[in-house]
Amino acid sequence: MSNVPQQRLVQTAIPGPKSAALQARKAAAVSAGVSTGLPVYVERAGGGILVDVDGNQLIDFGSGIAVTTVGNSAPRVVERVTQQVQDFTHTCFMVTPYEEYLDVAEALNELTPGDHEKRTALFNSGAEAVENAVKVARHYTGRNAVVAFDHAYHGRTNLTMALTAKNMPYKHRFGPFAGEVYRAPMSYPFRWPGGPADCAKESFDVFVQQVHAQVGEDNVAAVVLEPIQGEGGFIVPAPGFVKQVAEWCTDNGILFIADEVQSGFCRTGDWFASEHEDVVPDLITTAKGIAGGLPLAGVTGRADVMDSVHGGGLGGTYGGNPIACAAALGAIETMKEEDLCARARQVEALFVPRLQALAERYPQIGDIRGRGAMLAVELVNGPGDLTPNAALTGAVNRACHAEGLVTLTCGTYGNVFRFLPPLAASDELLTEGLDIFEKAFAASV
Ligand SMILES: *Cc1c(COP(=O)(O)O)cnc(C)c1O
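The rules behind these values
- Residues numbered from 1 in each chain as written.
- Predicted model: local features only at pLDDT ≥ 70, side-chain atom pairs only at ≥ 80, totals over all residues.
- Heavy atoms only, no water.
- Helix = DSSP H or I, 4+ residues; strand = E, 2+ residues; numbered from the N terminus.
- Contact = heavy atoms within 4.5 Å.
- Expected span 1.5 Å × (residues − 1).
- Buried < 20%, exposed > 50% of the residue type's maximum accessible area, 1.4 Å probe, protein only.
- Pairing = 2+ DSSP bridges.
- Axes fitted to C-alpha atoms, helices over the stretch in contact; angles between N-to-C directions.
- Core = buried A, V, L, I, M, F, W, Y, C linked by side-chain atoms within 4.5 Å.
- Domains from an automatic or database assignment.
- Near = heavy atom within 4 Å.
- Polar contact = N/O pair within 3.5 Å; in protein donor to acceptor, adjacent residues only side chain to side chain.
- Areas by Shrake-Rupley, 256 points an atom, 1.4 Å probe, with all protein chains shown as cover.
- Nonpolar A, V, L, I, M, F, W, Y, C, P; charged D, E, K, R; others polar.
- Salt bridge = Lys/Arg side-chain N within 4 Å of Asp/Glu carboxyl O.

Now for the environment of Phe 441. Within the secondary structure layout, Phe 441 lies in helix H14 (residues 427–444). Taking C-alpha positions, Phe 441 is 22 Å from Gly 230, a pair spaced 211 residues apart along the chain. If sequence neighbours within four positions are ignored, Phe 441 has contacts with Leu 358, Tyr 362, Gln 364, Ile 365, Leu 379, Leu 392 and Val 396.

Shown next, in the form of structure tokens:
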């Protein structure tokens, strides 16, 4: 376990004076385009605690956006990275390769859904993985069009901005965007016009009709879908939707790309959220939780698809950097040894009854959703008025921060409160965090 004390401690205002001074330096040195959700400056972190420069110890309900699933500076990650950084730091895999890249590729080929022959390519970020999955799909199919969904988030590069649904802050005045990207309605039970039951029945039909009418199946290289959407609001599609879409893709010679950058690596209680949907994607993108905090991403998929690309067609200077690979091997070993998929299911069992009890008291909680340690509540005005309540969401978020709980919001309408605790956080910390959330909620409504 980490040597960071696993206890909350708030001894100054949040942010404290030292953080405030650093934030003033930030304003003078860092582009205003890079903003900070909770400007406490972190000095150390481990397990479920972040220690700031003012000596406060904050409970982490965000994992740096689903990255430090194994905990910050997890022992096996630190050990492997320390060794690797002493052995060598970089050669570029495309110039003179090294074994750690192969170890990660083999692990991804084994852990991702399906027991078919697979190949992997490694990159630096989730956006880069998604871009490369699209490149591979276009190359393999000889088709151009890519279909993404309402509320999708796939990154901030030009192509992935085009795939991402939300304008502010991701796309506003950053166009023109990459072409041949089409958007389909998302299976969103809570906001489906006819209600959740109709959503399961109708959302697939609407998708099929719309792609047929507006794009044409024969033009589509790939459909890109997050099996549980992340930034767009932790939207869990109606049961069966993901599988129907994947099967329809197969029937039409279209590649199904599961973007599991946020939902992968034990986060949802399985290694990948696709497993719960009983789906074997043609291609799957991974990043975030893969390497315990170091930048690494992967595209893993059918060998015939991944091997269709000419030599030199995929790569990048840093893709699959040896230190990031060492970190991934340490993170994956931790997930296996400590059965973190089971731990994510325990987190769900701890959180959901508490959230349900809160929802019974407060009609502003319109929906509770997610799986494992990827959970959210969607806030609305009240019963019968599902208007998104972004003001309340922001107020609860700020109240949590003031008490030393690091929380995140999300959603196209900014009204979703999400929970992404590290799986190394103890039940005691998680329970204390939930107590703070409840109080913050009661104080904000
Ligand atoms: C975060 C995220 C990305 C982008 O990853 P970066 O590493 O920030 O480029 C892509 N897809 C999903 C589903 C994500 O959550």
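Moving on from the coordinates now.
A word on helix H11 (residues 322–337). Between its first and last C-alpha atoms H11 spans 22 Å; for 16 residues at 1.5 Å apiece the expected length is 22 Å, and the two agree. Taken across its 16 residues, H11 has 13 buried, putting it largely inside the fold. Phi for Asp 339, located one or two positions after H11, is positive at around 40 degrees.

Below, the discussion takes up the sheet that holds strand E6 (residues 181–184). Here 7 strands make up an open sheet; going across it, the order is E4-E10-E9-E8-E7-E5-E6 and the pairing mixed. Across the chains shown, the open sheet's two edge strands, defined by having one partner strand only, are strand E4 (118–123) and E6. Sheet twist, expressed as the mean angle between neighbouring strand axes with direction ignored, is 20 degrees. As paired elements, strand E5 (residues 145–149) and E6 share 4 bridges and run parallel to each other. Pairing of Phe 149 across the sheet is with Ala 184, part of E6. Running at roughly 130 degrees to E4, helix H4 (residues 99–111) makes contact with E4, strand E9 (283–286) and strand E10 (297–302) of the sheet.

Time to look at the sheet that holds strand E3 (residues 57–60). Pairing is mixed across the open sheet formed by 4 strands, whose spatial order is E1-E2-E3-E14. One side of each edge strand has no neighbouring strand; the edge strands of this open sheet are strand E1 (42–46) and strand E14 (405–406). Inspection of the sheet shows strand E2 (residues 49–52) paired to E3 by 3 bridges, in the antiparallel sense. Residue Val 51 lies in a different strand from E3, and its bridge partner there is Gln 57.

Bringing the side chain of Thr 69 into the picture now. Structurally, Thr 69 can be placed in the loop between helix H2 (63–66) and helix H3 (75–87). Residue classification places Thr 69 among the buried positions, given a relative accessible area of 0%. Setting aside anything within four residues of it in sequence, one finds Thr 69 in contact with Phe 265, Arg 267, Gly 289, Leu 340, Pro 422, Leu 423 and Ala 424.

This part takes up the nonpolar core. One finds Phe 207, Val 223, Leu 283 and Phe 437 to be the most contacted residues of the largest nonpolar core, which totals 115 residues. Split by domain, this core shows at least three residues from each of two domains, domain 1 (17–73 + 340–444) and domain 2 (76–337). If near-sequence neighbours (up to four positions away) are discounted, Phe 437 is found in contact with Leu 355, Leu 358, Val 377, Val 396, Cys 400, Leu 405, Phe 417 and Phe 419. By size, the runner-up hydrophobic cluster in this structure holds 10 residues, among which are Ala 66, Ile 228, Cys 410 and Leu 420.

Neighbouring residues of the ligand: Ser 125, Gly 126, Ala 127, Tyr 153, His 154, Gly 155, Glu 226, Asp 259, Val 261, Gln 262 and Lys 288. At a separation of 2.7 Å, an oxygen atom of the ligand approaches a polar backbone atom of Gly 126. Within the side chain of Lys 288, one N or O atom sits 2.7 Å away from an oxygen atom of the ligand. Within the complex, 82% of the 380 Å² of free accessible area of the ligand lies under protein. For the shell around the ligand, a count of residues per class yields 3 nonpolar, 5 polar and 3 charged.

When the terminal C-alpha atoms of helix H5 (residues 126–141) are compared, their 23 Å separation across 16 residues agrees well with the 22 Å that a helix rising 1.5 Å per residue should span. Positive backbone phi, at 70 degrees, marks Gly 142, one or two positions downstream of H5.

What follows covers the pattern of salt bridges. Taken as a whole and judged by the stated rule, the model has 21 salt bridges. In this structure, Glu 438 engages Arg 361 in a salt bridge whose closest nitrogen and oxygen atoms are separated by 4.0 Å. On the criterion of sequence distance, the pair formed by Glu 438 in helix H14 and Arg 361 in helix H12 (residues 340–361) is long-range, its members being 77 residues apart. Connected through shared salt-bridge partners, Arg 76, Arg 80, Glu 333 and Glu 338 make up one network.

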